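Secondary and tertiary structure notes
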Amino acid sequence: MFDQILDIFRKRKLKKFASDIPTSLLKLSEIKTANIVIDVEEAGFDLLKEDILSWGRSNGIKINIYFFDFRKLGTNELLLTSIQTTVIKKELNWFGMPPIEKVAPLIYEKSDLFISLICNDRFPIDFVSRCSRARFKIGRFDYEGHPFNMIISGSSGVDLRSDARKIFSSVTEFLTKIQ
């Protein structure tokens with residue numbers, strides 16, 4: 001019963017904020033701005049951040065990186081990233097909605113590319129993925145409604161489930177091949 005109530009509230013928020021921007025594949029030369037979402041719990045997320053920023057600089061793309069940190073922080077633990085660009089677990093409301101003021105740049109500002117390097121089915125990631133106003137969306141998890149133009153997943157020979165740096169490398173390699 002509680003799950004049904006959660007679904008009702010979540011669907012209302014998605015309906016209210018969902019993007020109506022048409023999406024499609026874009027050539028790398030057409031991408032000028034990118035919003036990228038990463039998980040602080042991902043091993044080597046700081047190296048991933050550097051990879052993303054370096055890729056943006058080398059391709060003339062303005063990069064905005066946002067973090068999701070769903071760890072339960074102890075009283076003596078510190079946040080590993082900037083509080084302005086990080087959604088933490090205790091900021092989510094009772095049905096999992098991230099604070100609008102925190103995700104506003106992701107969902108209100110138009111961008112050319114949105115990449116979610118988070119592979120889970122949690123509502124906050126689903127919300128920003130569906131509501132992002134990007135023209136080209138890439139993700140790791142196929143949410144209901146299929147918000148992504150491209151989904152990166154592992155194959156029989158390559159396990160991409162736990163290495164976001166490999167996934168990001170695969171994404172950038174693919175972007176260079178779009179004509």
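Refer to the preceding data block for the structure.
Each value, and the rule that gives it
Residues numbered from 1 in each chain as written. Predicted model: local features only at pLDDT ≥ 70, side-chain atom pairs only at ≥ 80, totals over all residues. Heavy atoms only, no water. Core = buried A, V, L, I, M, F, W, Y, C linked by side-chain atoms within 4.5 Å. Buried < 20%, exposed > 50% of the residue type's maximum accessible area, 1.4 Å probe, protein only. Helix = DSSP H or I, 4+ residues; strand = E, 2+ residues; numbered from the N terminus. Contact = heavy atoms within 4.5 Å. Pairing = 2+ DSSP bridges. Right-handed = clockwise from strand over helix to strand, strands pointing away. Phe/Tyr/Trp six-rings, centres within 6.5 Å; stacked < 30°, edge-to-face > 60°. Lys NZ or Arg CZ within 6 Å of the ring centre and 35° of its normal.

**With respect to the nonpolar core**
Counting residues in each nonpolar core, the largest one holds 28 residues, and the members touching the most others are Ile38, Ile52, Leu113, Leu117, Ile138 and Leu175. Put simply, the parts of the chain that give this core at least two residues each are strand 1 (33–39), helix 2 (45–59), strand 2 (62–69), strand 4 (110–116), strand 5 (133–139) and helix 5 (164–177). Examining the composition of this core, we find that five residues originate from one element, helix 5, more than from any other. Those residues in contact with Ile138 that lie beyond four places of it in its chain are Leu113, Phe114, Ile115, Ser116, Phe148, Met150, Ile152, Val171 and Leu175.

**Topic: the pairing of strand 4**
In terms of burial, strand 4 is a largely internal element, six of the seven residues being buried. One ladder, built from five bridges, connects strand 4 with strand 5; its direction is parallel. Its bridge partner lying in strand 5, Ile115 is registered against Ile138. At this point the chain moves from strand 4, through helix 4 (residues 123–131), to the parallel strand 5, and the crossover so formed is right-handed.

**Side note on the packing of aromatic side chains**
In total, this model carries 13 aromatic pairs according to the counting rule given. Between Phe2 and Trp94, the aromatic rings sit 6.3 Å apart at their centres with planes inclined by 45°, giving tilted as the arrangement. Here Phe2, found in helix 1 (residues 2–17), pairs with Trp94, found in the loop between strand 3 (86–88) and helix 3 (100–108); they are 92 residues apart in sequence, far enough to count as distant. Consider the rings of Tyr143 and Phe148, whose centres lie 6.1 Å apart with planes at 45°: the pair is tilted. Comparing Tyr143 with Phe148 shows no difference in burial state: the two are buried. Each residue in the set Phe2, Phe9, Phe17, Trp94, Phe95, Tyr108, Phe123 and Phe127 is aromatic and connected to the rest through ring pairs, giving one cluster. The positively charged end of Arg12 is found above the aromatic ring belonging to Phe9, 5.6 Å away from the centroid.

**Description of the pairing of strand 5**
Among the seven residues of strand 5, six are classified as buried, and the element is accordingly described as predominantly covered. The sheet contact formed by strand 5 and strand 6 (residues 150–151) spans two bridges and is parallel. Its bridge partner being in strand 6, Gly139 is matched across the sheet by Ile151.

Remember, this is a structural readout, not a statement about activity or role.
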